[in-house]
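# Summary of structural features
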Amino acid sequence: MKLAARLTRFSLLLSSTVLLPWLAGCGGYVSSSRSGSAPLAPTGLAAAAANAQVNLTWNTSSGATGYYVKRSASSGSETQIAAPSTTAYTDNAVSNGTKYYYLVSAVNSAGESANSAEVSATPTAPITPPAVPTGLQATAGNAQVNLTWNASAGATNYHLKRSTTAGSGYTQIGAPATANFADSGLANGTTYYYVVTAVNTAGESGNSNQASATPINAAVDVTITIDPAKTKPISPYIYGINFYSGNPGVSPLLTFDRAGGNRWTAYNWETNASNAGSDYIYNNDSYLSGSNVPAEAVRSFIAADQGQGLASLVTVQLQGLVSADENGPVSVTSPPDLTRFKTVVDKKGSTFTAMPPTTDANVYMDEFVWALDQKLPGIFGAHPTHPTFLSLDNEPELWNSTHLEVQGRNPITSDDYITKTINLSKALKDQFPNVVIFGPVHYGFQGLYNWQGELSATPGGTNWFPDKYLPALETASTAYGKPLVDVYDFHWYAEVYDASGTRILNLNGTTLTDAQVQLIVQSPRNLSDPTFRDDGNSNPWIFNELGQTPINILGRLQAKINAEFSGMKVAITEYENGGWNHISGTIAEADTLGIFGSQGVFAANFWPPNGTYSYALAGFRAFRGFDGANASFGDTSLQATSSAVQNVMVYASLDSSMPGRVVFVAINRSSAAKVTAINGQVLSGTAHLYQMTAASAQGQNPVQPVAVGTMPVSGSSLTITLPAYSVTTIDVR
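Residues numbered from 1 in each chain as written. Predicted model: local features only at pLDDT ≥ 70, side-chain atom pairs only at ≥ 80, totals over all residues. Heavy atoms only, no water.

### Concerning the overall build of the chain
Scanning the chain for helices and strands turns up 15 helices and 39 strands. Taking 733 residues into account, the globule formula puts the C-alpha radius of gyration at 27 Å, and the chain, at 35 Å, lies well above it. With the C-alpha coordinates of the chain rotated into their principal frame, the extents come out at 125 × 85 × 50 Å. For the chain, with 733 residues in total, the buried portion stands at 53%. Relative to all contacts within the chain whose residues are 6 or more apart in sequence, the contacts with residues 24 or more apart total 68%. Of the roughly 29700 Å² of accessible surface on the chain, 52% is carried by carbon and sulfur atoms. Charge separation in the chain, taken as the distance between the mean sites of 37 positive and 50 negative side-chain charges, equals 9 Å. (Helix = DSSP H or I, 4+ residues; strand = E, 2+ residues; numbered from the N terminus. Rg over C-alpha atoms; globule rule 2.2 N^0.38 Å. Buried < 20%, exposed > 50% of the residue type's maximum accessible area, 1.4 Å probe, protein only. Contact = heavy atoms within 4.5 Å. Areas by Shrake-Rupley, 256 points an atom, 1.4 Å probe, with all protein chains shown as cover. Lys, Arg positive; Asp, Glu negative; His and termini not counted. Charge placed at Lys NZ, Arg CZ, Asp CG, Glu CD.)

### What about the environment of Lys375?
Positionally, Lys375 belongs in helix H3 (residues 365-375). Between the alpha carbons of Lys375 and Arg299 there is a distance of 7.2 Å; along the sequence they are 76 residues apart. If we ignore the near neighbours within four places in the chain, the residues touching Lys375 are Val293, Pro294, Ala295 and Arg299.

### A word on the pairing of strand E11 (residues 137-141)
Pairing analysis gives five bridges linking E11 to strand E12 (residues 144-148), with the strands arranged antiparallel. Residue pairing for E12: Thr139 is matched across the bridge by Asn146. Connecting E11 to the next strand, E12, in antiparallel fashion are two residues, including Ala143 with a positive phi near 60 degrees. (Pairing = 2+ DSSP bridges.)

### A word on the packing of helix H8 (residues 465-480) against helix H12 (residues 553-564)
One can describe the packing of H8 onto H12 by two numbers: an axis separation of 10 Å at closest approach and a directional angle of 30 degrees. The pairing of H8 with H12 is recorded here as roughly parallel in orientation. In the crossing of H8 with H12, the sense of the turn from one axis to the other is right-handed. On H12, the residues that touch Pro466, Asp467, Leu470, Pro471 and Glu474 of H8 are Leu557, Lys560, Ile561 and Glu564. (Axes fitted to C-alpha atoms, helices over the stretch in contact; angles between N-to-C directions. Parallel < 35°, antiparallel > 145°, perpendicular 65-115°, else oblique. Left-handed = near helix turned anticlockwise from the far one by under 90°.)

### Thoughts on the sheet that holds strand E29 (residues 388-392)
The strand order around the closed barrel formed by eight strands is E20-E21-E24-E29-E30-E31-E32-E33, and the pairing between neighbours is parallel. Along the sheet, successive strands turn relative to each other by an average axial angle of 30 degrees, direction set aside. Bridging between strand E20 (residues 237-242) and strand E21 (residues 256-259) involves three bridges; their strand directions are parallel. Bridging from a neighbouring strand, Gly240 pairs with Phe256 of E21. Of the strands in this sheet, E21, strand E24 (311-316) and E29 are in contact with helix H2 (residues 296-308), which crosses E24 at around 165 degrees.

### Quick notes on the side chain of Thr197
In this fold, Thr197 is placed in strand E16 (residues 192-200). Within the structure, the side chain of Thr197 is placed 2.5 Å from the side chain of Glu204, a separation counted as a polar contact. In this view, Thr197 contacts Pro133, Asn157, Tyr158, His159, Lys161, Glu204, Ser205, Gly206 and Asn207; residues no more than four positions away in its chain are not counted. (Polar contact = N/O pair within 3.5 Å; in protein donor to acceptor, adjacent residues only side chain to side chain.)

### Some words on the sheet that holds E12
Sheet architecture is open: three strands sit in the order E11-E12-E15, paired in antiparallel fashion. The open sheet has two edge strands with one neighbour each: E11 and strand E15 (180-184). Averaged over all pairs of adjacent strands, the angle between their axes in this sheet comes to 20 degrees, without regard to strand direction. In terms of strand pairing, E12 meets E15 through five bridges, oriented antiparallel. Bridging from a neighbouring strand, Gln144 pairs with Ser184 of E15.

### Some words on unusual backbone geometry
The omega torsion across Pro335 and Pro336 is -5 degrees, close enough to zero to call that bond cis. Tracing the backbone shows Pro336 in the loop between strand E26 (328-329) and strand E27 (341-345). In this model, Gly439 is joined to Pro440 through a cis peptide bond whose omega is -5 degrees. Here Pro440 is to be found in strand E30 (residues 437-442). If you check the backbone angles, Gln452 has positive phi at about 55 degrees while not being a glycine. Locating Gln452 in the fold gives a position in the loop between helix H7 (445-450) and H8. The exposure class of Gln452 is partly exposed, given its relative accessible area of 39%.

### Things to note about helix H13 (residues 583-598)
Look at H13: 23 Å from first C-alpha to last across 16 residues, which is about the 22 Å you get at 1.5 Å a residue. With 15 of 16 residues buried, H13 lies mostly within the body of the structure. (Expected span 1.5 Å × (residues − 1).)

### Considerations on the pattern of salt bridges
Applying the stated criterion to the full structure yields 21 salt bridges. Where Arg299 meets Glu296, a salt bridge forms, and the shortest distance between an N and an O atom there is 2.7 Å. Of this pair, Arg299 and Glu296 both sit in helix H2, three residues apart, which is roughly one turn of that helix. Residue classification places Arg299 among the partly exposed positions, given a relative accessible area of 25%. What makes Glu296 buried here is its relative accessible area of 16%. Among the charged side chains, a network of salt bridges with common partners joins Asp655, Arg661, Asp731 and Arg733. (Salt bridge = Lys/Arg side-chain N within 4 Å of Asp/Glu carboxyl O.)

### What about the packing of aromatic side chains?
Overall, the coordinates contain 33 aromatic pairs when judged by the stated rule. Between Tyr417 and Trp451 the ring centres are 5.1 Å apart and the planes differ by 40 degrees, which places this aromatic pair in the tilted class. With Tyr417 in helix H6 (residues 414-431) and Trp451 in the loop between H7 and H8, this residue pair connects regions lying 34 residues apart in the sequence. No difference in accessibility class separates Tyr417 from Trp451, as the two residues are buried. (Phe/Tyr/Trp six-rings, centres within 6.5 Å; stacked < 30°, edge-to-face > 60°.)

### Section: the packing of H13 against helix H14 (residues 614-621)
For the pair H13 and H14, the least separation of the axes is 7 Å and the interaxial angle reads 35 degrees. Here the hand of the crossing between H13 and H14 comes out right-handed. Between H13 and H14, the residues in contact are Ile583, Gly585, Thr586, Glu589, Ala590 and Leu593 and Tyr615, Ala616, Ala618, Gly619 and Phe620, respectively. Of the residues assigned to the contact of H13 with H14, the class counts are seven nonpolar, three polar and one charged. (Nonpolar A, V, L, I, M, F, W, Y, C, P; charged D, E, K, R; others polar.)

### Quick word on the pairing of E27
Two elements, strand E25 (residues 321-323) and E27, share three bridges in a ladder whose sense is antiparallel. If you follow Leu321 over to E27, its bridge partner there is Thr343. Sheet topology places E27 next to strand E28 (residues 362-364); three bridges connect them, and they run parallel. Along E28, the bridge assignment pairs Thr343 with Asn362.

### Section: H6
The periodicity of an α-helix, 3.6 residues per turn, causes residues three or four places apart in sequence to face the same way. Under the 1.5 Å per step criterion, the end-to-end length of H6 is 26 Å for 18 residues, consistent within 8% with the ideal 26 Å. For H6, every residue scored as buried is listed here: Ser414, Tyr417, Ile418, Thr421, Ile422, Leu424, Ser425, Ala427, Leu428 and Lys429. Structurally, H6 contributes buried residues whose contacts are with E24, H3, E29, helix H4 (399-402), E30 and H8.

Written out as structure tokens, the structure reads:
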């Protein structure tokens with residue numbers, strides 16, 4: 001309304017013989033019969049949650065005749081639900097587990113106040129004590145009793161109680177969070193009686209049924225002999241995986257990440273274009289990174305690893321051609337179609353730039369590595385905190401099938417491959433003398449043995465591919481003045497098949513036959529056991545190709561390295577054993593990691609399968625974070641031999657940061673409990689026990705060790721009963 005009009009109407013009102021009580025407003029006239037002012041906003045609003053209700057209280061607002069209570073299930077969108085005349089209200093129209101937001105305003109005849117401060121509350125059902133546990137069982141061992149029971153719904157932990165008198169005198173001895181407990185350090189020949197209660201914040205249940213057992217000095221089933229004079233450093237890089245960030249449930253204490261696989265062979269660092277080859281329709285695309293910033297697919301990978309405290313292994317391109325565009329499928333009618341690819345050149349030598357032109361014909365590898373160092377300074381230095389290593393491409397023996405689009409139909413010969421290796425390694429080490437280089441990255445046994453059929457290898461001969469590769473590299477390295485390839489890298493996917501011909505890598509069910517379980521848990525022995533004959537394998541083709549002699553692939557390769565290029569390290573940057581959703585997968589993974597440490601493997605990366613695989617990842621937790629925090633296996637391996645390796649193997653370690661600390665990982669791959677004596681290493685203090693069994697893993701996500709008690713230790717012998725199909729970490733400190 002205009003000001004002049006308002007003044008005129010005001011003057012007329014004053015001159016009237018009857019003064020009418022009107023108030024002017026922009027929307028018309030409002031009666032002033034609502035005299036006074038609206039109350040102030042209420043203060044002190046509080047919301048207390050209860051079972052299916054929320055109780056609200058607030059302070060009185062002076063002059064208020066009533067209040068409006070407002071509610072919503074989302075903050076800031078409250079609507080009125082009640083108009084009490086007092087400063088309290090109980091909201092019964094609510095659901096347990098839903099969070100509600102509240103406001104209150106005060107009202108009188110003059111109007112409504114502003115809203116109070118917002119509060120919230122979540123009604124919940126009352127917590128009641130859990131039910132009495134059922135099914136308590138006690139199993140005697142040597143100086144210990146193993147106890148199990150059925151879990152009680154709602155329990156947060158349990159109180160395990162023991163007595164030497166039946167029916168009375170129970171004293172609490174443990175408060176485990178899971179439905180099992182190992183009571184150690186007992187007197188053999190004494191009968192112990194047990195009950196267990198379930199506990200949560202509301203209280204404690206009654207006692208369970210009583211169970212009893214009498215520990216006895218049972219005959220030892222397996223003897224583990226430790227030789228503390230024979231030690232090896234354990235590389236920190238054996239606890240690795242491919243694509244760490246893409247693995248849900250992975251242990252946060254892993255140490256090593258790899259960006260490898262078929263997708264990286266034709267990667268063009270200048271544009272981030274790549275081609276997965278036969279993995280995906282020979283397609284040039286932007287799958288690895290949508291960025292047009294050079295090397296961003298690799299830079300971001302390394303940066304993420306460094307943020308997680310991981311070392312990295314990244315791929316440099318050796319095959320010779322990389323994607324020139326991101327324009328989709330490439331013809332493989334007459335490969336390679338050189339209009340769709342650029343040529344890889346090992347050495348540019350100078351005039352490097354982090355923003356190279358993308359219209360020329362070449363892509364330079366030494367410039368690629370230089371650019372990465374510019375973006376992440378020091379990653380290829382002598383002693384970086386989290387180093388980055390370089391891998392010379394991926395599975396070259398298969399390029400003519402996996403990468404038909406760039407290799408064409410003819411395989412690369414072993415001679416050409418070795419020449420390419422020497423040339424690229426020189427170019428990289430000219431720029432970064434301390435960089436650690438991995439090669440040849442075999443796809444599996446046939447690549448390592450006979451270069452996919454090219455060579456006439458014999459089981460016991462010096463005519464395997466390494467027998468050609470290692471001397472050639474030693475000669476070239478001597479001439480160059482330092483090793484050109486530092487780590488001999490190969491991939492190992494268990495070639496083990498059940499009676500129906502199913503490969504164990506495809507045994508992903510939660511229920512397996514005993515025969516299938518044995519195939520999985522025995523399979524790691526092919527890595528290093530000079531006595532294992534691939535028992536039960538329905539298609540033992542590697543064993544047969546080796547003249548029906550034990551595979552022992554690490555032992556065979558290490559012997560060749562020792563004889564032909566001493567000092568080269570060994571890596572297995574892709575491997576799998578199966579049993580993804582079964583305790584057998586946990587046992588196989590833990591056994592594999594123990595082998596890597598005891599055999600002096602430098603680096604290893606688990607290859608995640610499709611689907612779920614929490615049980616396999618649990619094998620890492622036997623070594624890293626087994627206490628649910630930061631406790632880990634030691635950094636020095638002690639030689640350990642088993643009297644029955646087919647049933648039990650124990651891996652032993654010392655911790656250089658804590659003198660006197662000894663950590664064992666004990667694996668029972670048999671279907672029966674095994675009394676196991678560990679002899680030869682001086683022990684003192686308390687053994688803290690962490691265990692994974694089929695029962696303890698049931699319902700866990702992720703699957704991980706549970707604490708099952710402690711036992712005093714002294715002298716040079718420790719005897720423990722290992723449950724069937726179990727992994728037990730024993731931390732002596």
